[in-house]
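# Architecture at a glance
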2 protein chains.
Amino acid sequence: MRVILWDGKEITLPGANPAVGMVIRDRAALWRLLINPLLYFGDDYCAGRIEIEGGLAPFLETVYLSMAQTPKFRRNPDPIAYRRNQPHLNSLSGSRRNIHHHYDIGNAFYQLWLDKEMVYTCGYFPEAAASLEDAQIAKMDLVCRKLRLRAGQTVVEAGCGWGALARHMAGRYGVKVRAYNISHEQISYARERAKAEGLEGQIEYIEDDYRNITGTYDVFVSVGMLEHVGPDHYWELGRVIDRCLAKDGIGLIHTIGQNSATPMSPWFLKRIFPGSYPPTLREMMTLFEPSEFTVLDVENLRLHYAKTCEHWLARFEHHQDQVREMFDECFIRAWRLYLSGCIVNFNIGALQLFQVVFSRPTNNLVPLTRSHLTAPIVES
Amino acid sequence: MRVILWDGKEITLPGANPAVGMVIRDRAALWRLLINPLLYFGDDYCAGRIEIEGGLAPFLETVYLSMAQTPKFRRNPDPIAYRRNQPHLNSLSGSRRNIHHHYDIGNAFYQLWLDKEMVYTCGYFPEAAASLEDAQIAKMDLVCRKLRLRAGQTVVEAGCGWGALARHMAGRYGVKVRAYNISHEQISYARERAKAEGLEGQIEYIEDDYRNITGTYDVFVSVGMLEHVGPDHYWELGRVIDRCLAKDGIGLIHTIGQNSATPMSPWFLKRIFPGSYPPTLREMMTLFEPSEFTVLDVENLRLHYAKTCEHWLARFEHHQDQVREMFDECFIRAWRLYLSGCIVNFNIGALQLFQVVFSRPTNNLVPLTRSHLTAPIVES
């Protein structure tokens, strides 16, 4: 890797990829990089005081792989480090602020680069060449199949985004859904769209925290919310599930995860997703063990998420003029860094995507084999 | 539940199933039951000082379910309790003694009630009515498919039983297998049978401990051995896997498990499987996390194991006259209790069966979907 300084001086770091380079535009940026690289690389890249040569993704891959081989960067399960860059922990009010920071910056922005259904979680590519729209439909079907949805069942969804999965489940599988989310913008969008599609009788979107879920349901589902719950609160979510899942119910949690407990980078926590943390499978067991839930099935869709983020980044770049009008150049560079970082982290195995299916221990109506996963899709 | 004493006095315990009862033949047996029920119920049942009315399995189900609702019986993650009834821990020599206790009591005995291939682990029933022979073949194929075996690959197997999986992989998938086991009887049988089937050029059966595995392999597989490793030694097994798995290798561990960390009953540990312990998924992560292995797939085959044990018990009962000639009535009653207990524990969800597939974090050649699991079986 080459480092090019403001005065044109070039340093080649040994052992790294010489095809990529970092241009540092001023002395202060270099100092900040030395003091706290995990925070200031992002900030100075966004401000244009750092430029990357040879492509952002190849550069990040070089850096992440070399960090993975450096023990002091490798793992930091220290809870203080985890909290240091988290202005709001995931209490009821903290969660609201954290979610507002990312999801309430404007539906029009997300519409520029998400699929038509506005699914902001990992897609599922039955074939590598599938489109993003198809991959999101396939993902929602995969989730519904894993849950073996049957018409007339009741479903509770914790963290429903813009409501796509709830619409999919209600429209294609004939179930009734109560979907919770604390993002005001997302809930507004979800309600309008359900109404437009004639699904308002089957779906109730509720602007509230997962901790306030009430009622009993045949199915519990949560896609892409656990990342925002925080490991300190898994026991609470587990208790909510225990309270709301019917005796012969079944549940699915879909979440970004990792192989060993490492906090997200301070830049990511400050600028992109405050309060976020991708759990290890070990940490996820805190959800299930106290109520003795049985884990039935775990699937790792890591490479599907790399591909999903590649689609998002390509669409985002395609619409960058419109994004610039909505925000500014710094915002564009921040989101480019965020999406590129995700692609790389999923590609090098620093992040995982776990889909976990579970039930109560005494539920003997669970599927015996996986044949239900490839059964024909029920069309309404 | 009814309790009938030696003098004919009958006590009905409130709230339990009145269709089942326990006859206690003498005062000493009653005392022992009160002092240490988890140990002495088994011993006194085997000695005929306790008889069961209404069927052993329904009786055990009643007892286990009521224990599951009694907090003090429910969980005991205390490591001292775990060790109390383990005469030999799972050191190199302790493991040898523990394995010898169960697996070296005579191949002729196991041949009476296992399937033709001598598979002493959970089968896989694609249809509920499948025979035991078919279920064991289907299980071995499921394992081979999850590992995506290709002709010419090298496989290391940790704990190979009587060698069926190694024969299946070598014969049907054209791979080379080194299979480790510390049971002398099993290894002798496995070698003879591989020779008889013309597979001795492809399989090397090695009478040695998993900790002494050498070499590098495309595939690591272990079916039904982790139960004998003990949670204190998972890190060692993890290190062995890290040492022996090729860069783009893939691995599978198939093990009995449980939802929360609970030691096996003292009777089971003393009389049936010394040194055994079925891990929770959380505990299994000790195998994977230190080397940052990625968990790709977990399947829970709990109900398949209940069905497998039902087949075993039926065959065992069918051959009880031959078993009595080999051993004695006490042995028959002990194995009846062991197999019935397994059926019930799998049926009520007190035991699980986890199949976990994993790879190194940077292996991007892992399957993207599960379509390889239903691909046609390669026949040699």
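Residues numbered from 1 in each chain as written. Chains lettered and ligands numbered in written order. Predicted model: local features only at pLDDT ≥ 70, side-chain atom pairs only at ≥ 80, totals over all residues.

## So, the overall build of chain A
When its secondary structure is counted, chain A shows 16 helices and 11 strands. Taking 21 Å as the expected radius of gyration for a compact globule of 380 residues, we find that chain A reaches 21 Å, a close match to that expectation. With respect to the three principal axes, the spread of C-alpha positions in chain A is 70 × 40 × 40 Å. Burial analysis of chain A (380 residues in total) assigns 48% to the buried set. (Helix = DSSP H or I, 4+ residues; strand = E, 2+ residues; numbered from the N terminus. Rg over C-alpha atoms; globule rule 2.2 N^0.38 Å. Buried ≥ 20, exposed ≤ 12 C-beta atoms within 10 Å, placed from the backbone.)

## Remarks on the environment of B:Cys160
Residues and elements named next belong to chain B. Looking at where Cys 160 falls in the secondary structure, it is placed in the loop between strand E5 (154–158) and helix H9 (164–173). Here Cys 160 falls in the buried class, since 28 other C-beta atoms lie within 10 Å of it. Each C-alpha atom, one on Cys 160 and one on Gln 136, is 14 Å from the other, the two residues being 24 residues apart in sequence. Setting aside residues no more than four positions away along its own chain, Cys 160 makes contact with Leu 165, Ala 166, Ala 179, Tyr 180, Asn 181, Ala 190 and Tyr 205. (Contact = placed C-beta atoms within 7 Å.)

## Describing the interface of chain B and chain A
Taken together, the contact between chain B and chain A spans 32 residues of the former and 31 residues of the latter. For the side of chain B that touches chain A, the secondary structure elements donating two or more residues are helix H13 (281–288), strand E10 (294–300) and helix H14 (302–318) of chain B. Per-class residue counts for the side of chain B that touches chain A are 13 nonpolar, 13 polar and 6 charged. With 3 bridges joining them, strand E10 (residues 294–300) of chain A and E10(B) adopt antiparallel strand pairing. (Nonpolar A, V, L, I, M, F, W, Y, C, P; charged D, E, K, R; others polar. Pairing = 2+ DSSP bridges.)

## So, the packing of helix H8 (residues 132–146) of chain B against H9(B)
Residue and element names in this part refer to chain B. Remark: H8 packs on H9, axes separated minimally by 10 Å, with the N-to-C direction vectors making an angle of 65°. Read as a crossing pair, H8 and H9 show a hand that is right-handed. Note on element contacts: H9 touches H8 through Ala 164, Leu 165, His 168, Met 169 and Tyr 173, opposite Met 140, Val 143 and Cys 144. (Axes fitted to C-alpha atoms, helices over the stretch in contact; angles between N-to-C directions. Left-handed = near helix turned anticlockwise from the far one by under 90°.)

## Examining the sheet that holds strand E4 (residues 50–53) of chain B
All names here are of chain B. The sheet built from 4 strands is open, its strands ordered E2-E1-E3-E4 with mixed pairing. Looking along the sheet, the strands with just one partner apiece sit at the ends: strand E2 (10–12) and E4. Geometrically, the sheet is characterised by an average inter-axis angle of 20° between neighbouring strands, direction not taken into account. Both strand E1 (residues 2–4) and strand E3 (residues 21–24) contribute to a ladder of 3 bridges, which runs parallel. In the sheet register, Arg 2 faces E3, and the bridge partner there is Gly 21.

## Considering the environment of A:Leu365
Residues and elements named next belong to chain A. Along the chain, the position of Leu 365 falls in the segment after strand E11 (352–359). When the 11 C-beta atoms within 10 Å are taken as the criterion, Leu 365 is described as exposed. In this structure, the C-alpha to C-alpha distance between Leu 365 and Gly 249, residues 116 residues apart in sequence, is 9.2 Å.

## Comments concerning the pairing of strand E5 (residues 154–158) of chain A
Residue and element names in this part refer to chain A. In terms of burial, E5 is largely enclosed, as 4 of its 5 residues are buried. Where E5 meets strand E6 (residues 176–181), 5 bridges bridge the pair, whose relative direction is parallel. Considered in E6, the bridge of Val 155 is made with Val 177. In the classification by handedness, the crossover that spans E5, the intervening helix H9 (residues 164–173) and the parallel E6 is right-handed. Sheet analysis places E5 next to strand E8 (residues 217–223), joined by 3 bridges and oriented parallel. (Right-handed = clockwise from strand over helix to strand, strands pointing away.)

## As for the pairing of E10(A)
Residue and element names in this part refer to chain A. Of all 7 residues in E10, 6 are buried; the element is thus mostly enclosed. In terms of strand pairing, E10 meets E11 through 6 bridges, oriented antiparallel. Each residue of the ladder has a partner; that of Asp 297, found in E11, is Val 357.

## Quick look at the domain arrangement of chain A
Interfaces are often described in size by the accessible area the parts lose on coming together. All names here are of chain A. Here chain A is described as being made up of domain 1 (2–74) and domain 2 (82–373). Taking only C-alpha atoms into account, the centre of domain 1 sits 32 Å from that of domain 2. Taken together, the contact between domain 1 and domain 2 spans 15 residues of the former and 17 residues of the latter. Taken together, the elements giving at least two residues each to the side of domain 1 that touches domain 2 come down to helix H2 (37–46) and helix H3 (56–68). Residues that form the side of domain 1 that touches domain 2 fall into these classes: 12 nonpolar, 1 polar and 2 charged. (Domains from an automatic or database assignment.)

## Describing the environment of B:Arg336
All names here are of chain B. The residue Arg 336 is located in helix H16 (residues 329–347) in this model. According to the C-beta neighbour criterion, Arg 336 is buried, with 20 such atoms within 10 Å. C-alpha separation for the pair Arg 336 and Ala 314, spaced 22 residues apart in sequence, amounts to 9.8 Å.

## Some thoughts on unusual backbone geometry
Residues and elements named next belong to chain A. For Glu 292, which is not a glycine, the phi torsion comes out positive at approximately 55°. Of note, Glu 292 is situated in the loop between helix H13 (281–288) and E10. Overall, the presence of 18 C-beta atoms within 10 Å leaves Glu 292 in the partly exposed class.

## Quick notes on the relation of the copies chain B and chain A
Once chain B is rotated about the relating axis by 180° and shifted along it by 0.0 Å, it coincides with chain A to within an RMSD of 0.0 Å. The transformation relating the two chain copies, once decomposed into turn and shift, fits a two-fold axis. Taken as a fraction of all interface residues of chain B, those also at the interface in chain A reach 97%, which identifies the copy contact as same-surface. (Least-squares fit on C-alpha atoms with pLDDT ≥ 70 in both.)

## Brief notes about helix H3 (residues 56–68) of chain B
Residue and element names in this part refer to chain B. The first and last C-alpha atoms of H3 sit 18 Å apart over 13 residues, in line with the 18 Å expected at 1.5 Å per residue. Of all the residues in H3, the buried ones are Leu 56, Ala 57, Phe 59, Leu 60, Glu 61, Thr 62 and Val 63. The inward-facing, buried residues of H3 abut E3, E4 and H16. (Expected span 1.5 Å × (residues − 1).)

## Let's talk about the packing of H14(B) against H16(B)
Residues and elements named next belong to chain B. The contact between H14 and H16 brings their axes to 8 Å, and the two run at 155°. With respect to their mutual orientation, H14 and H16 come out roughly antiparallel. Note on packing geometry: the crossing formed by H14 with H16 is left-handed. Where H14 approaches H16, its residues Arg 302, Leu 303, Tyr 305, Ala 306, Cys 309, Glu 310, Trp 312, Leu 313 and Phe 316 are matched on the opposing element by Trp 335, Leu 339, Ser 340, Cys 342, Ile 343, Phe 346 and Asn 347. By residue class, the composition of the contact of H14 with H16 is 12 nonpolar, 2 polar and 2 charged. (Parallel < 35°, antiparallel > 145°, perpendicular 65-115°, else oblique.)

## Quick look at the sheet that holds strand E4 (residues 50–53) of chain A
All names here are of chain A. Taking strand neighbours across the sheet as the criterion, the 4 strands line up as E2-E1-E3-E4 in an open arrangement whose pairing is mixed. Every other strand in the sheet has two partners, leaving strand E2 (10–12) and E4 as the edge strands with one partner each. Strand after strand, the sheet turns through a mean of 20° between neighbouring axes, direction not considered. Bridging between strand E1 (residues 2–4) and E2 involves 3 bridges; their strand directions are antiparallel. Residue Ile 4 lies in a different strand from E2, and its bridge partner there is Glu 10.

## A short note on the nonpolar core
Residues A:Met169 and B:Met169 are the most contacted members of the largest nonpolar core, which totals 218 residues. Those residues in contact with A:Met169, other than ones at most four positions away along the chain, are A:Cys144, A:Leu149, A:Val155, A:Val175 and A:Val177. (Core = buried A, V, L, I, M, F, W, Y, C linked by C-beta atoms within 7 Å.)

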